[in-house]
Amino acid sequence: MRELELYFGPQHLGMVGNFSITLNVEGDRIIKAASNPGYLHRGFEKLMEYRTWIQNFTLVCRINVIEPDSMELMYSMAVEDLAGIEVPERAEYIRSIYLELARVGSHLFGLWAYANMLGFDTVANWAMYHRDLILDLFEEITGARVYHMYIWPGGVRRDFPKGLKDRIVKTLHKIGSGVPDYDDTFFNNRLFYDRAKNVGKVTRKQALEMGAVGQVLRATGMKYDIRKIEPYAAYDKVDWEIPTREDGDAYSRIWIVRDEMIESVHMIFKLLDDMPEGSVYNRIPNPFKWNIPAGETYVRCESSRGELGLYMASNGEDKPYRVHFNTPSYSHGLTILEEVLKGESVADVGNIMMSLYIVAPEIDR
Amino acid sequence: MGKPSIFTPFKAVKFLFKKPKTLRYPFELKEPAAHYRGFHLNDWDACTGCGNCSDICPNDAITMIEIPEIEPELGKKNERPQIDYGRCCFCGLCVDVCPPGSLRLSRDYIHVHFDTGTFISLPKDDKADKENFVPAEEYSVLKASLTHRKQDYEGFVSDLDYTLFDPERVPMPEIPPDVRKLSFVEQVIGYNREEARKEASRCLECKLCEDACPAHLKISDYIKAIYEDKPDESLRKIYEDNPIPSMCGRICMKPCEDACSLSIRGESLSIRWLKRYTADTIADFKKTLEQKPVEPIGKKVAVIGAGPSGLSVAYFLRLKGYEVVVFDNLPGGGGTMRTGPPLYRLPLEGIDKDVDYIASLGVDFKFNTKVGEDVMFEDLLRDYDAVFMGIGTTVSRSTRVKNAEKCTLALDFLRDNKIGEKRKIGKEVIIIGGGNVALDTARETLRLQNMQYPNEGTVTKTVSLEDWDEMPGSEEEITESKEEGVVFNPAWGPKEVVLNEEGNIKGLLCVKVKSVFNEEGKFAPNFDEEKEMLLEGDMIIEAIGQGPDFSFIPAELLEKLEYTERRKVKVDKNGMTSIQKLFAGGDIVNLNLDAVTAIADAKIATEGIDNILFPH
């Protein structure tokens, strides 16, 4: 059969945009896939070298549109580490609650994209609606819906407003009450099972060799989560489980997303109950005279898509010397995707890509 | 787990009978959150035009625009921020760095227009801009734009707990009141390196202080040098405008700190103490400054009085190559600084350090030389190319009430205690006056009492015409005097010094003051003659003001000397008096009566002398 080269994206119904894959196909089978990132390249890492420490705080969130909060956390943790700034305990709790809310919001967004891809528009719209409820909470906490700019070096930017706890609980209960509907319509849907089961399989060996993290790795049975391995914020102060699956296919990955959301909600309830009183911000030095001592650091956290790392170096000036993000979509989108697509059908490209939870802006930074 | 059923998804059919969740914009609106980060609001009355918002903006979206209608005043520029909404990312850093908290974000966020020029806006708030801010009932989202906004729609506002500047200053280590009142030990200990650097790091570099400083010191630069741990650089910056940092670092009236943008909602930067830190840290000014006077230009200037203005004129002229001779009747330099501020505020070493440096540049100091006796004023005027007169106000005024001749005059008292023999003090001393000289006198009295009559229950009290709210003494001095145990009697006026049979002071008869100033704001005390009080005391010191001593000027010349309405020596833009070749500055010229204004006068006179001797 004749081998064809097929361009999948950036303008393609099955592509969320800003990314493309060049496929070599023979009939319906993919022989070779090559990822093309760069459509959204904004040069953040370089830009950050030209901005002061405080100005970068407003920039980092833009690296990932879907979950800006873990980027804020990474930057703050790196600056705190380099500059030796302590974070108050209450701020650590707030960070954890806020990041878990972000995880739920991000997963709902991911679910929208995935369900949409498979044609489950009803579920996709529910997910979008529920994500909006989370954004309402963010708007109340931070003053903005998408680019929150809330976690900053030294703690968080403002304390939780009065009565927020009740509203978080109410919102999460509202979203939680939709879980049976999601299950009936999507997770326990025969169509989803048939489309996703045994599709886009990543073995444990492949996952480890190619640097898979997050759901991709956990779907192969690895209990790997930075929140457990190297607890940050208040994650060591609360009990929770890492959801895993064994099969390593798209079906497992999406089920993990569902289970993680439920786990996050439970975690938020516990953190809200245990949250101590006190200040939430240790004042950073005057931003106009803020030189951070020379040094380098690497910090990491578990974003909604997996391990996120940040290397940052200072040479003692008022701006970072070098910033480098290690993002989960990078390995998932560039290495694993190319490998996994081999032998799959063209109809499953979007399915597999979305199940790997690839967020293009995260690759282009 | 087996394969799921194909029928379960049909349960979702029930949603067909539910109401939709989507809001039908613009008929159904969603209210933004209480702290939403939308368009800016700026309270023009509170805004100081400091420009910190513009400096911190990550996108260069804020430009400071000069507003000609606004009068610049102490601590306020006539600039206001203008926002380019094509660049603004609504991060709110400008709000968190705004020292007065005038800049806020509202909950408005919609602007639709065909002209991109309208995206540049000079934000005001609903208080000042009634036209573009409409009441909620008149608001329509269809018209929503930067020119159609809701009143009372404040969103993200500044909170002092979360500001990017530090409103609290590093406390200055001081000797506690109960210890310091026992001796003349210097009260303020001074910052150490860490403290100074931490305090210097608070500076936002907005330079409002530099506008407020009469001598326009490069405050922001020398503070930055302290922060960068470069005291040498700091000293060089100070000496560009101020040749007496050890003195000013201790006794400056610091108008800069009143203008400091941090003082609006917090404590101002300790600019004076930081200057003192620099001056005290550098042991050898000469080595650090490496200043060499330029080639001699063959002109001679005589300076009468080695006070702040005289020293400054000598310094600035010497650097221009003039030959300068300074005459002073005191045994050392400093003038009023040498005789006035008590030792616990300004020790002699601080004065001599500054004077010695100026002398090392080649300025000829003739101390113990009284103009009018040892050298004649008219000779100076004849022999020199110019004469600068910075003689200060050296004669204490008296209340001239009955028996006032029995009282002690404050300036004589202060001078003797500082550079002469310490005075014998009374056990119950009354000081008349409410200004800084009166407070210095009171605190000095207290110390002398504690030294001469330890544990004998001595009393120091002041009596002033002014009530607490209008007392001319600085707040700092009043607080410290109270801490040390000075008793205040505000709003009482002296009527008569009461004597006992032996003719010694028994007390001061006072009458209640109704008001000190008349409706036009002029000094015209009004007394309630019926309310009298006898303050008991065995010694009375008058500290109600002082005047200059022009007795060294021959009568025919003195007649030519013109004065302003406020009885100050009149000088022109060159600092020259109505007598040709005679320049003047300092307390005889300005109304501020402080060292830093004297330096400012000296700068004017220096330029003036240069202009007149070398017309361009």
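Colleague: How should the overall build of chain A be read in this particular structure?
Modeller: When you go through chain A residue by residue, the secondary structure sums to 15 helices and 8 strands. For 365 residues, the compact-globule estimate of 2.2 N^0.38 gives 21 Å, and chain A sits close to it at 20 Å. Taking the principal axes of the C-alpha coordinates as reference, chain A spans close to 65 × 45 × 35 Å. Out of the 365 residues belonging to chain A, those deemed buried represent 65%. Relative to all contacts within chain A whose residues are 6 or more apart in sequence, the contacts with residues 24 or more apart total 71%. Carbon and sulfur atoms provide 51% of the accessible area of chain A, an area that totals close to 13100 Å².

Colleague: For this particular structure, what's the right way to read the nonpolar core?
Modeller: In globular proteins that are soluble, nonpolar side chains generally tend to be buried together. Residues and elements named next belong to chain A. The biggest cluster of nonpolar side chains holds 134 residues, and the ones touching the most others in it are I21, L101, F186 and F192. Top element by residues in this core is helix α4 (residues 89-118). It accounts for 15 residues. Once residues lying within four places of it in the same chain are set aside, the contact partners of I21 are L6, Y7, F8, M15, A33, A34, S35, N36, L337, L341, V349 and M353.

Colleague: Would you mind going over the interface of chain B and chain A with me for this structure?
Modeller: If you look at the interface, chain B gives 51 residues, while chain A gives 42 residues. The contact between chain B and chain A buries some 3800 Å² in all, and 56% of this surface belongs to carbon and sulfur atoms. Remark: the boundary between chain B and chain A carries 8 salt bridges. Salt-bridge contacts for K30 of chain B lead to E139 of chain A; the nearest nitrogen and oxygen are separated by 3.6 Å.

Colleague: Looking at this model, I keep getting lost on helix α3 (residues 68-83) of chain A. Mind explaining?
Modeller: An α-helical turn contains 3.6 residues, so a residue and the one three or four places further along point in the same direction. Over its 16 residues, α3 of chain A extends 23 Å from the first C-alpha to the last, a length consistent with the 22 Å expected when each residue adds 1.5 Å. Downstream of α3 of chain A by a residue or two, G84 of chain A has a phi angle that is positive, lying close to 70°.

Colleague: How should I be thinking about the pairing of strand β15 (residues 459-464) of chain B in this particular structure?
Modeller: In the case of a regular strand, side chains alternate between the two sheet surfaces. Residues and elements named next belong to chain B. Most of β15 sits inside the fold, with 5 of its 6 residues counted as buried. As paired elements, strand β14 (residues 428-432) and β15 share 5 bridges and run parallel to each other. By the bridge assignment for β15, E428 is matched with V459. Read as a crossover between parallel neighbours, the route from β14 over helix α17 (residues 436-452) to β15 is right-handed. Where β15 lies against strand β16 (residues 487-490), 4 bridges are found, and the strand directions are parallel. Considered in β16, the bridge of S464 is made with P490.

Colleague: Just checking my understanding: could you explain the packing of aromatic side chains for this structure?
Modeller: For any two aromatic rings, the description comes down to two numbers: the centre-to-centre distance and the angle of the planes. Applying the stated rule across the entire model yields 35 aromatic pairs over all chains. Through successive ring pairs, a cluster of aromatic residues spans Y114, F120, F186, F187, F192, Y193, Y251 and W255 of chain A. In this structure, K124 of chain B packs its charged tip against the face of W44 of chain B, placed 4.8 Å from the ring centre. Residue placement shows K300 of chain B over the ring face of Y384 of chain B; its charged tip is 4.9 Å from the ring centre.

Colleague: How should I be thinking about unusual backbone geometry in this particular structure?
Modeller: Negative phi is the rule for most residues except glycine; trans is the rule for most peptide bonds. Look at the link from G9 of chain A to P10 of chain A: it is a cis peptide, with omega at 5°. Note on placement: P10 of chain A falls in the loop between β1 (3-8) and β2 (20-26). Across the junction of Y25 of chain B and P26 of chain B, the peptide omega takes the value 5°, indicating a cis bond. Structurally, P26 of chain B is set in the segment before β1 (40-42). Backbone geometry places K581 of chain B, a non-glycine residue, at a positive phi of 70°. On the secondary structure map, K581 of chain B appears in the loop between α19 (555-558) and β22 (582-584).

Colleague: Explanation requested: helix α7 (residues 231-239) of chain B in the structure shown.
Modeller: Every buried residue of α7 of chain B is listed here: P231, S234, L235, K237, I238 and Y239 of chain B. Those residues of α7 of chain B that are buried lie in contact with α6 (219-227), α8 (245-251), α10 (271-281), α11 (285-289), α12 (308-319) and α14 (348-360) of chain B.

Colleague: Please explain the side chain of S303 of chain A as it appears in this structure.
Modeller: All names here are of chain A. Among the secondary structure elements, S303 is positioned in strand β6 (residues 295-303). Note on S303: relative accessible area 0%, which makes it buried. For S303, the residues in contact, after removing those within four places along its chain, are E67, S70, R103, L308 and P328.

Colleague: Would you explain the packing of helix α2 (residues 53-60) of chain A against α3 of chain A in this entry?
Modeller: Angle between the axes and distance between the axes are the two parameters that describe a pair of packed helices. Residue and element names in this part refer to chain A. Running from amino to carboxyl end, α2 crosses α3 at an angle of 160°, the nearest separation of the two axes being 8 Å. One way to sum up the angle between α2 and α3 is to call them roughly antiparallel. The chirality of how α2 crosses α3 is right-handed. Across from W53, N56, F57 and V60 in α2, the residues of α3 making contact are M71, E72, Y75, V79 and L82. Among the residues making up the contact of α2 with α3, the classes are represented as 7 nonpolar, 1 polar and 1 charged.

Colleague: Explain the sheet that holds strand β8 (residues 322-326) of chain A to me, please; I cannot follow it from the model alone.
Modeller: Hydrogen bonds between backbone groups are what pair the strands of a sheet, and the pairing can be parallel or antiparallel. All names here are of chain A. With antiparallel pairing, the 3 strands of this open sheet are ordered in space as β6-β7-β8. Of all the strands in the sheet, just β6 and β8 have a single pairing partner and so form its edges. Mean inter-strand twist for the sheet, computed between neighbouring axes without regard to direction, equals 10°. In terms of strand pairing, strand β7 (residues 306-314) meets β8 through 5 bridges, oriented antiparallel. Residue Y311 lies in a different strand from β8, and its bridge partner there is H324.

Colleague: It is not clear to me how a nonpolar patch on the surface should be interpreted in this structure. Could you clarify?
Modeller: A surface patch of nonpolar side chains, about 750 Å² in accessible area, is lined by I6, F7, F10, V13, L16 and F17 of chain B. When you line up the elements, F10 of chain B lands in the segment before β1.

Colleague: Could you clarify how one ought to interpret the sheet that holds strand β18 (residues 505-517) of chain B in this entry?
Modeller: Residue and element names in this part refer to chain B. In space, the 3 strands of this open sheet follow the order β17-β18-β19, with antiparallel pairing throughout. Since the sheet does not close on itself, it has two edges, and those belong to β17 (492-499) and β19 (523-536), each with one partner. When the angles between neighbouring strand axes are averaged without regard to direction, this sheet yields 25°. By the bridge criterion, 7 bridges tie β17 to β18 in an arrangement that is antiparallel. For L499, the partnering residue across the bridge sits in β18 and is I505.

Colleague: Can you help me understand the pattern of salt bridges in this one?
Modeller: Between side chains of opposite charge, pairing is possible as soon as their charged atoms come close. Residues and elements named next belong to chain B. One pass over the full model with this rule turns up 86 salt bridges over all chains. One salt bridge connects R276 with E186, and the closest N-O pair in it is separated by 2.8 Å. Here the residue R276 occupies a position in helix α10, and E186 occupies one in the loop between α3 (177-180) and α4 (193-200), the gap between them amounting to 90 residues. Comparing R276 with E186, the two get one shared label, buried. Two residues, D440 and R345, come together in a salt bridge whose shortest N-O distance is 3.2 Å. Of this pair, D440 sits in helix α17 while R345 is found in the loop between α13 (336-339) and α14, placing the two residues 95 residues apart along the sequence.

Colleague: Please clarify how the environment of L356 of chain A should be interpreted in this entry.
Modeller: Within the secondary structure, L356 of chain A is located in the loop between α14 (349-355) and α15 (360-363). The class for L356 of chain A is buried, based on a relative accessible area of 1%.

Colleague: Would you explain the environment of L99 of chain A in this entry?
Modeller: All names here are of chain A. Tracing the backbone through its elements, the reader meets L99 in helix α4. The exposure class assigned to L99 is buried, which follows from its relative accessible area of 3%. Through-space distance from the C-alpha of L99 to that of S303 is 8.4 Å; in sequence the pair is 204 residues apart.

Colleague: Quick question: what am I supposed to make of the environment of Y232 of chain A here?
Modeller: Residue and element names in this part refer to chain A. As for its placement among the helices and strands, Y232 is situated in the loop between α11 (226-229) and α12 (250-274). In this view, Y232 contacts L73, M77, L99, R103, I226, R227, R300, C301 and E302; residues no more than four positions away in its chain are not counted. A distance of 2.9 Å separates a polar side-chain atom of Y232 from the backbone nitrogen of E302.

Colleague: What should I look at first to understand a positive patch on the surface in this one?
Modeller: Taken together, K170 and K174 of chain A together with K18 and K21 of chain B make up a surface patch of like positive charges. Tracing the backbone through its elements, the reader meets K174 of chain A in helix α6 (residues 164-176).

Colleague: Please explain the confidence of the model for chain B as it appears in this structure.
Modeller: The predicted structure's coordinates, where accompanied by low pLDDT, should not be read in detail. Here chain B averages 92 in pLDDT, while 100% of its residues score no lower than 70. Confidence metrics for the complex model read pTM 0.90 and ipTM 0.92.

About the cut-offs
Residues numbered from 1 in each chain as written. Chains lettered and ligands numbered in written order. Predicted model: local features only at pLDDT ≥ 70, side-chain atom pairs only at ≥ 80, totals over all residues. Heavy atoms only, no water. Helix = DSSP H or I, 4+ residues; strand = E, 2+ residues; numbered from the N terminus. Rg over C-alpha atoms; globule rule 2.2 N^0.38 Å. Buried < 20%, exposed > 50% of the residue type's maximum accessible area, 1.4 Å probe, protein only. Contact = heavy atoms within 4.5 Å. Areas by Shrake-Rupley, 256 points an atom, 1.4 Å probe, with all protein chains shown as cover. Core = buried A, V, L, I, M, F, W, Y, C linked by side-chain atoms within 4.5 Å. Buried area = accessible area lost by both parts, 1.4 Å probe. Salt bridge = Lys/Arg side-chain N within 4 Å of Asp/Glu carboxyl O. Expected span 1.5 Å × (residues − 1). Pairing = 2+ DSSP bridges. Right-handed = clockwise from strand over helix to strand, strands pointing away. Phe/Tyr/Trp six-rings, centres within 6.5 Å; stacked < 30°, edge-to-face > 60°. Lys NZ or Arg CZ within 6 Å of the ring centre and 35° of its normal. Axes fitted to C-alpha atoms, helices over the stretch in contact; angles between N-to-C directions. Parallel < 35°, antiparallel > 145°, perpendicular 65-115°, else oblique. Left-handed = near helix turned anticlockwise from the far one by under 90°. Nonpolar A, V, L, I, M, F, W, Y, C, P; charged D, E, K, R; others polar. Patch = residues over 30% accessible without salt bridge, like charges linked within 9 Å, V, L, I, M, F, W, Y side chains within 5 Å. Polar contact = N/O pair within 3.5 Å; in protein donor to acceptor, adjacent residues only side chain to side chain. Lys, Arg positive; Asp, Glu negative; His and termini not counted. Charge placed at Lys NZ, Arg CZ, Asp CG, Glu CD. pLDDT = per-residue confidence, 0-100.

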